[in-house]
Amino acid sequence: MSVEIRPIAPTRSQLRRFTQFGIDLYRDNPYAVPPLVRDDVNTLSPKVNPAFDFCDCQCFMAYRDGKPVGRIAAIINRVVNERTNQKVLRFGFVDFIDDDEVVDALFDAASEWGRKHGMTEMVGPMGFTDMDHEGMLTEGFEELGTMATIYNYPYYPRQMERMGFKRDAEWIEMLIKVPEEIPEKYSRIAQIVKERNNLRVLKFTSRKKLKEQYGQAIFQLVNEAYDQLYGYSPLTPRQVEYYIGIYLGILNLKFVTLVVDENDRLVALGISIQSFSRALQKSRGKLFPFGWWYLLQALRGKTDIVDLLLIAVKPEYQNKGVNALLFTDLIPNYIAAGMKYAETNPELQTNNKVRGQWDYFDTRLHRRRCSFRKPL
């Protein structure tokens, strides 16, 4: 039977169906980590996600014999296109069975929508901004995923290359063994950096105070530190408030470290979080009836993996060893919580500033992913 492509209206019922397909496709896969349906629906909803202030999006689903067999979101980020002087259509939230006809139909629909809006090339998988999942998995298919990354089957990159897409950016992910103690040389570097630059570590025990005193500053620092990275879309004030609301409630503040200067100006931050991978697998994307329980158990520390969710250093302090100051504070907290491994999450292959910070630790490169690009 031929493939039918249906545009998805941005209603919660249709977006739930769109999101659920991406979960069902990996139902029996032991490595895929599903999102919470509610979170992805909110991300794709113009009524909820502030990224729609400067983005356009159209989702499509592919059906055969009345059954869903694929999905794709076509996204135009007008801010990034203006910053780069390009006319790029992003594709994201993409999943499909291993069938040429299905894949071609999905990408043809997204491409046609992009051309109608004046786009001249297509790149992805990417979301609305860097706060969304990006990068197609190309190595590490038998490694447990994280809540911040995309999992996909090995046939995905093969299908991209069959359609004529070329690899664009590449990310790597490291698995770091949490040391039993802070390496002595690393500790000395941290002390020197602290004294030389008049810096100090700042910790919070109250989420309310963290939000009030540094909530805005955290994301302003992210905008500064990440500004020149691949495809970066600066976060707006509305987005900052949105993400503060999403993440603040699930942070273990022992795993959050800020570094400030003598004027209490934020110059670096390390935000890590206990792994929710196994809990999300058990929840199957739903909070009810029992998903909340699995997530609560993870929140209380029923895991030995910590995800390094966000690390940012003010540009003028980069390459000065400030990262050592962050991790000399974080590592003892990881040890006390029983953490054995840390996930770096995606780092650009070309970002030597970031990659160099792991030289003092026992690491293993366990995943690679990339974006694909093609003229429309």
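Above this text is the structure in question.
Residues numbered from 1 in each chain as written. Predicted model: local features only at pLDDT ≥ 70, side-chain atom pairs only at ≥ 80, totals over all residues. Heavy atoms only, no water.

Novice: Where do I start with the pairing of strand β5 (residues 121-124) in this structure?
Specialist: Within a regular strand, the side chains alternate between the two sheet faces. Of the two faces of β5, the one lined by Glu121 and Val123 and the one lined by Met122 and Gly124 are each fully buried. Note that strand β4 (residues 88-96) and β5 share three bridges and pair parallel. From the neighbouring strand, Val88 faces β5, where its bridge partner is Glu121. A crossover connection joins β4 to the parallel β5 through helix α4 (residues 100-116); in handedness this β-α-β unit is right-handed. As paired elements, β5 and strand β14 (residues 363-375) share four bridges and run antiparallel to each other. Each bridged residue has a counterpart across the sheet, and for Gly124 the counterpart in β14 is Phe372. (Buried < 20%, exposed > 50% of the residue type's maximum accessible area, 1.4 Å probe, protein only. Helix = DSSP H or I, 4+ residues; strand = E, 2+ residues; numbered from the N terminus. Pairing = 2+ DSSP bridges. Right-handed = clockwise from strand over helix to strand, strands pointing away.)

Novice: Help me out: how do you make sense of the packing of aromatic side chains in this one?
Specialist: Each aromatic ring pair is characterised by the separation of its centres together with the angle its planes make. Enumeration according to the criterion identifies 20 aromatic pairs in this entry. Between Phe52 and Phe128, the ring centres sit 5.0 Å apart and the planes meet at 50°, which makes this aromatic pair tilted. In this pair, Phe52 is assigned in the loop between α2 (37-43) and β2 (55-64) and Phe128 in the loop between β5 and β6 (136-139), connecting sequence segments 76 residues apart. By relative accessible area, which is 16% here, Phe52 ends up buried. Among the aromatic side chains, those forming a connected cluster through ring pairs are Tyr26, Phe96, Tyr151, Tyr153, Tyr155 and Tyr156. Against the face of Tyr63 rests Arg6, its NZ or CZ located 3.8 Å from the ring centre. Over the ring of Tyr317 we find Lys320; its NZ or CZ atom is 5.8 Å from the centre of that ring. (Phe/Tyr/Trp six-rings, centres within 6.5 Å; stacked < 30°, edge-to-face > 60°. Lys NZ or Arg CZ within 6 Å of the ring centre and 35° of its normal.)

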